[in-house]
Each structure stands twice: as structure tokens, then as C-alpha cells.
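One letter stands for each residue in the lines below.
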Amino acid sequence: MDNNNQPGNPQRRAFFRRSLPIIPVAAVAAAGGAATLATLDNSHLPTVPGPAVNTALRDAAQYQPSYFSAEEYRFVQSAVARLIPKDELGPGALEAGVPEFIDRQMDTPYAAGSNWYMQGPFQPDVAPEMGYQLRLSPREIYRLGIAAANQWCNKNLGKAFAELSTADQDKALSAMEHGAQGFDSLPSATFFAMLWGNTKEGFFSDPLHGGNKDMVGWKLIGFPGARADFMDWIERDEAYPQPPVSIHGQRG
């Protein structure tokens, strides 16, 4: 990860506020299936002092995944907690329900690759302008990527990702972003790019998709949400005075 965007750097949230007026969502997430796992123990996750959060944010920790195993979900929780951490400016991706958003995406046609062109030839070494060049669907990228990431962490840092210190988790994420050696099933940068992209989508999408609980992402960047009309404020160099509104009419 870029040094100016490390989790402990005070410029991190300022970066979001400047450069992410709105994040386009690549896939529409549907509600997940019936819960099949026991309540996850989140006590191992990093705790960062910050403002109190409301019931909607606390409920994010109680979500039961329908696609990820307990171990996989702990990885997702721990990873997004480092990518967008809680700080003095507000809740992070974990509290905002981003793991739920990602899990719910896994039950959509997008995650199965149904709306992607998935026929060969597959040539991963071609220029990025040629588009996605792997035979793996998003569901497969997550399953293989999490397993490879934990294997890499065990080999290089002595523990699975979720059990590492926050400093070592940051080292692991940075290594994945820049092409960690030892990811045999897929390039680590491909896995990191999907994880990072979905984390941003979950943090800034409408709450109906499972993330952005209490519209914390929209509040951070001053986005009005699904209001019918705020065109008269577009050209003003001042903050919009009203709270954001979700598609379902919830007010932040």
C-alpha cells in the first residue's frame, strides 16, 4: 500500500474525503441465504479508540456469513479493518458492515462470473488494457486468495492473517498488493485488487446492500445519498446541510 495511505497515517481519511466523492458499485449485492454459522468471536480484531457507534453499526458484528467459512470470514473482517480502519473521524469498514456486503455479493450472478466473458484463451501476462485474463470467478478468487494469503502469512510471519498484529497485517497486505511470491493459485495483486475494490464499494454503497451502516461512508465525504434533488448545492463551495438519505428512506 502507498506510504501516504498506511492505516496509521493521519492522511488516510483525508485521502478518502478528497478523492472519493462517490465510489461506483461494480455489482448489485443481494441478501445472503440463511445463517449457517455460530456467532463469530471478534475479540481478536484490532480495537482503535473512536466515537461511539449506534445499533446499526453494532449489528454489523452479528452478521452470519452464508458463503464464507468462519476462518475465511475472520480473514475478511481483519483485512477490511486494516484497509479502512476506525479512527477519530468515525467507524471503519468493519463497523460499517463491509464484510457483510462482500459475503452477500458472493450469492449474486456477479460473483459466479455469470455476467463476465469467461471463455479462453486466458493470457494473464498481457497488458492491463486487455482486461481481466483469468478463468476464476470472484467467488473463486476469494476462496483461493484467502487460502493463499493465510498460507503466505503462516510461512513468512508465523501466523494466519487474522492472528497477526496490526503491523504485520499491514505488511502482508502491502506484500499482496505488490505481488507477493508464493501465491500459486492466482496472482496476489489480483486478489488484493478485488478485496480493496469491494471494500471501497461496501463502505460507500447504499446500506441496502449490507455495508455503509448508518451511512457512515456518505457522512465521511459529505454525500447526500438518494435525495431527490440537491442540484442547487452542486456548485456551492460549502457542505450540504442535510443528512444523507438511503434508497429505503433511512436518514443518517
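Report follows, based on the coordinates. Quantities reported herein were computed from a predicted structural model and do not represent experimental measurements. (Residues numbered from 1 in each chain as written. Predicted model: local features only at pLDDT ≥ 70, side-chain atom pairs only at ≥ 80, totals over all residues. Heavy atoms only, no water.)

1. Quick look at the overall build of the protein
Heads up, the rule is: Secondary structure is summarised from DSSP: a helix means a run of H or I of at least four residues, a strand means a run of E of at least two, and numbering begins at the N terminus for each. Residue exposure (1.4 Å probe, protein chains only): buried if accessible area is under 20% of the type maximum, exposed if over 50%, otherwise partly exposed.
Each helix and strand counted, the protein has 9 helices and 0 strands in total. Along the protein, helices (α) and strands (β) appear in the sequence α-α-α-α-α-α-α-α-α when read from the amino end. The buried share of the protein, reckoned over its 252 residues, is 46%.

2. Overview of the packing of aromatic side chains
Selection criterion: Note on ring pairs: Phe, Tyr and Trp rings are taken, using the six-membered ring of Trp, and paired if centres are within 6.5 Å. Classes follow the plane angle, with under 30 degrees stacked, over 60 edge-to-face and the rest tilted.
As enumerated under the stated definition, the model contains 8 aromatic pairs in all. For the ring pair Phe-75 and Phe-161, a centre distance of 4.9 Å and an interplane angle of 50° mean the geometry is tilted. Of this pair, Phe-75 sits in helix 3 (residues 70-83) while Phe-161 sits in the loop between helix 6 (138-157) and helix 7 (166-177), and the two are 86 residues apart along the sequence. Judged by relative accessible area, which is 1%, Phe-75 ranks as buried. Classification of Phe-161 by relative accessible area gives buried; the value is 0%. Arranged with centres 5.9 Å apart and planes meeting at 70°, the rings of Tyr-110 and Trp-116 form a pair that is edge-to-face. On the basis of relative accessibility, which here comes to 9%, the residue Tyr-110 falls in the buried class. Residue classification places Trp-116 among the partly exposed positions, given a relative accessible area of 27%.

3. Overview of helix 3
Put simply, the rule reads: In this scheme, a helix's expected span is set at 1.5 Å multiplied by one less than its residue total.
Over its 14 residues, helix 3 extends 20 Å from the first C-alpha to the last, a length consistent with the 20 Å expected when each residue adds 1.5 Å. Burial runs high along helix 3: 11 of the 14 residues are buried. What helix 3 keeps buried is the set Glu-72, Tyr-73, Phe-75, Val-76, Gln-77, Ser-78, Ala-79, Val-80, Ala-81, Arg-82 and Leu-83.

4. A word on the pattern of salt bridges
Under the convention used in this document: Any carboxyl oxygen of Asp or Glu within 4 Å of a side-chain nitrogen of Lys or Arg constitutes a salt bridge here.
Going through the model one piece at a time under the given rule, you end up with 7 salt bridges. Two residues, Glu-100 and Lys-213, come together in a salt bridge whose shortest N-O distance is 3.0 Å. Placement of the pair is Glu-100 in helix 4 (residues 98-105) and Lys-213 in the loop between helix 8 (188-204) and helix 9 (216-221), with a sequence separation of 113 residues. Neither Glu-100 nor Lys-213 differs from the other in exposure class; each is buried. In the salt-bridge network here, residues are joined through shared partners; they are Glu-100, Arg-104 and Lys-213.

5. Concerning the nonpolar core
Filter applied, for reference: Throughout this description, the term nonpolar core refers to a set of buried Ala, Val, Leu, Ile, Met, Phe, Trp, Tyr and Cys residues connected via side-chain atoms within 4.5 Å. We call two residues in contact when some of their heavy atoms are within 4.5 Å.
Counting 47 residues, the largest nonpolar core has Phe-75, Met-176 and Phe-191 as the members making the most contacts within it. Within the residue set of this core, elements represented by two or more residues are helix 3, helix 4, helix 5 (109-112), helix 6, helix 7, helix 8 and helix 9. Those residues in contact with Phe-75 that lie beyond four places of it in its chain are Ile-146, Ala-149, Asn-150, Phe-161, Met-176, Phe-191 and Leu-195.

6. Concerning unusual backbone geometry
Note that the residue after Gly-120, namely Pro-121, is joined by a cis bond; omega there is 0°. Within the secondary structure, Pro-121 is located in the loop between helix 5 and helix 6. The backbone of Asn-212 shows a phi angle near 50°, a positive value even though the residue is not glycine. By secondary structure assignment, the location of Asn-212 is in the loop between helix 8 and helix 9. Asn-212 gets classed as buried once you look at its relative accessible area, which sits at 0%.

7. What about the packing of helix 3 against helix 8?
Our working rule: Note on method: axes are straight lines fitted to C-alpha atoms, helices fitted across the in-contact stretch only, with angles between N-to-C directions ranging 0 to 180 degrees. Any angle from 65 to 115 degrees is called roughly perpendicular, while one under 35 is roughly parallel, one over 145 is roughly antiparallel, and all others are oblique. Note on residue classes: Ala, Val, Leu, Ile, Met, Phe, Trp, Tyr, Cys and Pro are nonpolar, Asp, Glu, Lys and Arg are charged, and everything else, Gly too, is polar.
Helix 8 packs onto helix 3 with a crossing angle of 70° between their chain directions and a minimal axis gap of 10 Å. The orientation of helix 3 relative to helix 8 falls into the category roughly perpendicular. Across from Phe-75, Ala-79, Val-80 and Leu-83 in helix 3, the residues of helix 8 making contact are Phe-191, Phe-192, Leu-195, Trp-196 and Thr-199. Residue composition of the contact of helix 3 with helix 8, by class: 8 nonpolar, 1 polar and no charged.

8. Here's the deal with the packing of helix 6 against helix 7
Put simply, the test is: If you view the pair so one helix is near and one far, a crossing is left-handed when the near helix is turned anticlockwise from the far one by less than a right angle, and right-handed when it is turned clockwise.
Running from N to C, helix 6 and helix 7 point in directions that differ by 120°, and their axes come no closer than 11 Å. With respect to helix 7, the axis of helix 6 lies oblique. Our pair here, helix 6 against helix 7, has a crossing hand that is right-handed. Contact residues: helix 6 offers Ala-149, Trp-152, Cys-153 and Leu-157, while helix 7 offers Asp-168, Ala-172, Ala-175 and Met-176. The class makeup of the residues in the contact of helix 6 with helix 7 is 7 nonpolar, no polar and 1 charged.

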